[in-house]
Amino acid sequence: MYEEHGLKEVADGCVAVLLLAGGQGTRLGVNYPKGMYNVALPSHKTLFQLQAERILCLQNIAQQRYGKHGEITWYILTSEATHDATVKYLSEHNYFGLKEKNVKAFKQGMLPCFTFDGKIILDAKHRISKAPDGNGGLYRALKNQGILNDMSQRGIRSIHAHSVDNILVKVADPIFIGYCLLSKTDCAVKVIEKSSPSEAVGVVCKVEDHYQVVEYSEMTKETAQLRHANGQLVYNAANICNHYFTLNFLKDVGYFYEKHLPLHVAKKKIPYINNDGERIVPKIPNGIKIEKFVFDVFPFAKNFAVWQGTREEEFSPLKNSNSAGEDCPSTARTDLLNLHKKWLLKAGAKNVGDNVEISPLLSYTGENLCQIASNQSFVGPKVLK
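What this report covers is the structure whose coordinates are included nearby. (Residues numbered from 1 in each chain as written. Predicted model: local features only at pLDDT ≥ 70, side-chain atom pairs only at ≥ 80, totals over all residues. Heavy atoms only, no water.)

## What about the overall build of the chain?
Now for step 1: Of the regular secondary structure elements, the chain holds eleven helices and 22 strands.
Now for step 2: The globule rule puts the C-alpha radius of gyration for 385 residues at 21 Å, and the 21 Å found for the chain is close to it.
Now for step 3: A principal-axis box enclosing the C-alpha atoms of the chain has dimensions of 70 × 55 × 45 Å.
Now for step 4: For the chain, with 385 residues in total, the buried portion stands at 50%.
Now for step 5: Partitioning the contacts of the chain with sequence separation of at least 6, the portion at a separation of at least 24 is 73%.
Now for step 6: Counting only carbon and sulfur atoms, one obtains 49% of the accessible surface of the chain, whose full area is about 18,300 Å².
Now for step 7: Looking at charge distribution, the chain has the averaged site of its 46 positive side-chain charges lying 2 Å from that of its 39 negative ones. (Helix = DSSP H or I, 4+ residues; strand = E, 2+ residues; numbered from the N terminus. Rg over C-alpha atoms; globule rule 2.2 N^0.38 Å. Buried < 20%, exposed > 50% of the residue type's maximum accessible area, 1.4 Å probe, protein only. Contact = heavy atoms within 4.5 Å. Areas by Shrake-Rupley, 256 points an atom, 1.4 Å probe, with all protein chains shown as cover. Lys, Arg positive; Asp, Glu negative; His and termini not counted. Charge placed at Lys NZ, Arg CZ, Asp CG, Glu CD.)

## Examining the environment of Gln51
Now for step 1: Its location among the elements puts Gln51 in helix H2 (residues 47–66).
Now for step 2: Here Gln51 falls in the buried class, since its relative accessible area comes to 1%.
Now for step 3: A C-alpha to C-alpha distance of 15 Å links Gln51 and Val15, two positions 36 residues apart in sequence.
Now for step 4: If sequence neighbours within four positions are ignored, Gln51 has contacts with Leu19, Trp74, His162, Val164, Asn166, Val169 and Val171.
Now for step 5: In terms of polar contacts, Gln51 uses its side chain to reach the backbone carbonyl oxygen of Val164, at 3.0 Å. (Polar contact = N/O pair within 3.5 Å; in protein donor to acceptor, adjacent residues only side chain to side chain.)

## Brief notes about the sheet that holds strand E17 (residues 287–291)
Now for step 1: Strand order in the open sheet formed by three strands is E5-E17-E14, and the pairing between neighbours is antiparallel. Where the open sheet ends on each side, the last strands, each with one partner, are strand E5 (114–115) and strand E14 (264–268).
Now for step 2: Sheet topology places E5 next to E17; two bridges connect them, and they run antiparallel. By the bridge assignment, Phe114 is partnered in E17 with Ile288. (Pairing = 2+ DSSP bridges.)

## Focus: unusual backbone geometry
Now for step 1: Residue Gly380 is joined to Pro381 through a cis peptide bond whose omega torsion reads -5°.
Now for step 2: Its location among the elements puts Pro381 in the loop between strand E21 (377–378) and strand E22 (382–384).
Now for step 3: Even without being a glycine, Asn94 presents a positive backbone phi close to 50°.
Now for step 4: Note on placement: Asn94 falls in the loop between helix H3 (83–92) and strand E3 (103–107).
Now for step 5: Asn94 sits in the exposed class, given a relative accessible area of 58%.

## Examining the pattern of salt bridges
Now for step 1: Scanning the entire structure with this criterion turns up 24 salt bridges.
Now for step 2: Where Arg65 meets Glu4, a salt bridge forms, and the shortest distance between an N and an O atom there is 2.4 Å. Highlighted residues: Arg65 in helix H2 and Glu4 in helix H1 (residues 2–11), separated in sequence by 61 residues.
Now for step 3: With its nearest N and O atoms 2.7 Å apart, the salt bridge here joins Lys45 to Glu53.
Now for step 4: Connected via shared salt-bridge partners are Lys170, Asp173, Lys190 and Glu314. (Salt bridge = Lys/Arg side-chain N within 4 Å of Asp/Glu carboxyl O.)

Structural data, given as C-alpha cells:
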C-alpha cells in the first residue's frame, strides 16, 4: 500500500531528490567529489551513475503502474570544492540518461574559520579561510539559490534527501515516501539498527519533549551501552542521513526556522598565514570550523516520523580508504554485490558467484529478475542489464 502511494507520487511528477554532495573525498584519499568514485564494480559505475540510474528505473516502474511519465528532479547540493567538477562530470556523461533540465546543482554557503581565541584565520595574505557551512547549510541554500521556487513551479510535494556516499541508498524510495504521505508526515528520517554500542553513528531519540539526533561523541559510554530486558540497545536508531520532507516544511525552515538552527563547532587542522606571511599547514588542530547539521530541523516538524530499514539492504557508506577496513570501497562493493546475489537467489537462481552485478536500469530493488534468474547459474565478473 505504501509503495503504491509512493509510485503514484512519482507518476504525478511530485517527487524530487535532494542529494547532499558537498564533501570532498579527503578521507577516501582522492581530490575529487565522492559521487565520482568508482568502487571497482564489474560495471565500473560511479556513485553518481548508480543513483541516477535508480531514478530512471523508478520513473519507468511508476509509468508502467500508472500510465503516466512523471519525472523526478535531481537537486544536487555541492560546495565550493565540488561544484565545478560535479557539473562538468555530469554534463560529460549526459546526466546518465536523465534530462538536463531535471538535474540542478547548487552550492552550499561558506563560513569563516577561527582560531581557538576567536580570531579569523587567513588562508592567504588576501583571503580569509572559509569552510562549507555543513549539510545543514542546505536550508539556506535552498532559499537563496532559488531552489524552493523552482520546486514550487514544478509542482513538487515530496522530497527525499540523502548523502551521496551510501552505495545502497534507495533513491526516492517509494515505500518510505508512501508511508510519509499516508501518515501526513512533514519531516521524517530513515534509520537502521545500530550494529554495536560503539558504532560511530548518531542516534535518533527523544530529548525532553522533542526528537533529535544525538551524536555518538555526545553520548557517554554507559548511555550508549544501555539495553532493554530483551538485549536490544536502548539508543538503537542509527541515523544514516536519509530524510523525507514536504516542500511546505522546507519553505517553513528556509523562511522562518533556519536562523534558529544551532551552530556546531569542529576542531580542525586549518592551514594559515603566519606573521611572516608564510602559509603553514599544521600537524594538530589549531582552529575551529562552524557548521550546521541537516537533522537539526527535526524539532520544527509538526508530524515527525521515523522509519527503520535494514542495513544489508539500505546502508553501506563510503567514507575511508581501503586501509581502514570499514566503510571503504571494498566494503561498499562487497555489500552491493551481496545484495544483488540475494536478489538473484530469491528470484530462483541456482547459484550466484561473488562478482555478479545487477544494473539499476534492470531492477530497482530485486523485482523483474525471475525470467532471467530462474534455474540459472551466474559466474562473475558479470553485469546483468
